Amino acid sequence: MSCHSLESAPAEVHGADSPLAVLPGPRPGDREEGATPLPRPDAALREVFDAYEALGSTGPAEAWAAFTEGFQWTAPLPAAEPAGDDPQGAPTARPADGGHVVTGTWRPVAAAREARWIALPVRAKGGTPVFAVRRSQGTHDVAGDAFRVRDLFVPTGMTSSAEGTALGNRHTAYAWSAALGMAFGFGRLLLTEPDGVPGRPEGTAASHFGALLTREREAVRSHLRRLPVAPGGDEPLAERVRAGADLVRDVYAAGAAGADGLTAPAPLLLAGAPLLQFARFATELLPPGAAGA
């Protein structure tokens, strides 16, 4: 698969050759002092979308760093604790292009044994990153008391931080709105800064995607206006998130391919990759309907 292809088969989310797995993860402290505060988890959803869209349109990498440093979005996933008796030692996460290579053994909670996704924390110098991985990507012992992965690549967009404020199930719609806002902001940036030069590029691809992005953006904002808060999210909003993420990924693919005058510089494509990773899987990682803690 080409490094700029946007094939989205779920099995590829952690593949080292995934087109959305090419950006080294932001580091704690990357966010500038005095940056605009992030919306609170109880803020109106349209305000959440607008604020994160503004972040995504000015600096995709900074937007992702701000979100993951501010909030632990993996908190609703079934968790696992690093095993203290692993003869191979404590779990590790080795930085790699586009994410981390994770190895270790964890003790999962009972709910994790049947879950699709599991949150794996790795204690490291300077913080505790938390990696969202599919349960099928690791192995369980016979009793189900140990979960192991070896040399598993986890993209930056599937990474959170234990130091952030935990977003519970009741904050699902907040996470969705943030994901879609950052993705739309990145999409706007792709359409307005070809090769780093401000100004909408000429070409039918840019015009076509610009119109689609504007129409979908207004539909999202209209939906959020009618849905100021949504504990646990709802399926109509989930559908909007999925459709919006697919549209921005199409813009990404066109920019990467230089389609019809729409050219995006490689550093910009790389910087926005985690935003698209998260937006693509947000409603699967954090499904609608769970309005608990």
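Basis of the calculations
Residues numbered from 1 in each chain as written. Predicted model: local features only at pLDDT ≥ 70, side-chain atom pairs only at ≥ 80, totals over all residues. Heavy atoms only, no water. pLDDT = per-residue confidence, 0-100. Contact = heavy atoms within 4.5 Å. Phe/Tyr/Trp six-rings, centres within 6.5 Å; stacked < 30°, edge-to-face > 60°. Helix = DSSP H or I, 4+ residues; strand = E, 2+ residues; numbered from the N terminus. Buried < 20%, exposed > 50% of the residue type's maximum accessible area, 1.4 Å probe, protein only. Lys NZ or Arg CZ within 6 Å of the ring centre and 35° of its normal. Core = buried A, V, L, I, M, F, W, Y, C linked by side-chain atoms within 4.5 Å. Pairing = 2+ DSSP bridges. Axes fitted to C-alpha atoms, helices over the stretch in contact; angles between N-to-C directions.

What follows concerns the confidence of the model for the protein chain. Looking at the protein chain as a whole, its pLDDT mean stands at 82, while 79% of the residues score no less than 70. Within the model, pLDDT remains below 50 along residues 1–32, and this stretch shows 88 contacts once partners closer than five positions in the same chain are excluded. Contacts of residues 195–199 to residues separated by more than four positions or lying in other chains number 10 contacts, the stretch itself having pLDDT below 50.

On to the packing of aromatic side chains, then. All told, the structure shown has 11 aromatic pairs when counted by the stated rule. An angle of 90° between the planes, with centres 5.7 Å apart, marks the rings of Tyr52 and Phe67 as edge-to-face. With Tyr52 in helix 1 (residues 45–58) and Phe67 in helix 2 (residues 60–70), the pair connects residues that are 15 residues apart, well separated along the chain. For Phe67, a relative accessible area of 0% puts it in the buried group. Ring geometry for Phe67 against Phe71: centres 6.3 Å apart, planes inclined by 50°, an arrangement best described as tilted. This pair shows no difference in class: Phe67 is buried, exactly as Phe71 is. Grouping aromatic residues by their ring pairs yields a cluster made of Tyr52, Trp64, Phe67, Phe71, Trp73, Tyr174 and Phe278. Its end group placed over the ring of Phe281, Arg280 keeps NZ or CZ at 4.3 Å from the ring centre.

Another aspect to go through is the nonpolar core. Counting 74 residues, the largest nonpolar core has Tyr52, Phe67 and Leu285 as its most contacted members. Per-element tally for this core: the top contributor is helix 3 (residues 172–192), with 14 residues. Not counting residues within four places of it along the chain, the set of residues in contact with Tyr52 comprises Leu38, Pro39, Phe67, Phe71, Tyr174, Ala178, Gly181 and Met182.

Along helix 2, the residues that are buried comprise Pro60, Ala63, Trp64, Ala65, Ala66, Phe67 and Thr68. Summarising the contacts, the buried residues of helix 2 are in contact with helix 1, strand 1 (71–72), strand 9 (159–161), helix 3 and helix 6 (266–285).

Time to look at the sheet that holds strand 9. Within the open sheet, the 3 strands sit side by side as 5-6-9. Their pairing is antiparallel. Looking along the sheet, the strands with just one partner apiece sit at the ends: strand 5 (117–121) and strand 9. Strand-to-strand twist in this sheet, taken as the mean axis angle between neighbours without regard to direction, amounts to 30°. Across 5 bridges, the pairing between strand 5 and strand 6 (residues 129–134) is antiparallel. Along strand 6, the bridge assignment pairs Pro121 with Val130.

A few words on the environment of Arg148. Summarising the element assignment, Arg148 is placed in strand 8 (residues 147–155). Sequence-wise, Arg148 and Thr103 are 45 residues apart; in three dimensions their C-alpha atoms are separated by 7.5 Å. Ignoring anything within four residues of it in the chain, the contact list for Arg148 reads Gly104, Thr105, Gly138, Thr139 and Asp141.

Once that is clear, we can look at the pairing of strand 8. Here strand 4 (residues 99–108) runs beside strand 8; their pairing, made up of 7 bridges, is antiparallel. If you follow Trp106 over to strand 8, its bridge partner there is Phe147. Pairing analysis gives 2 bridges linking strand 7 (residues 139–140) to strand 8, with the strands arranged antiparallel. Paired with Thr139 across the strands is Arg148, a residue of strand 8.

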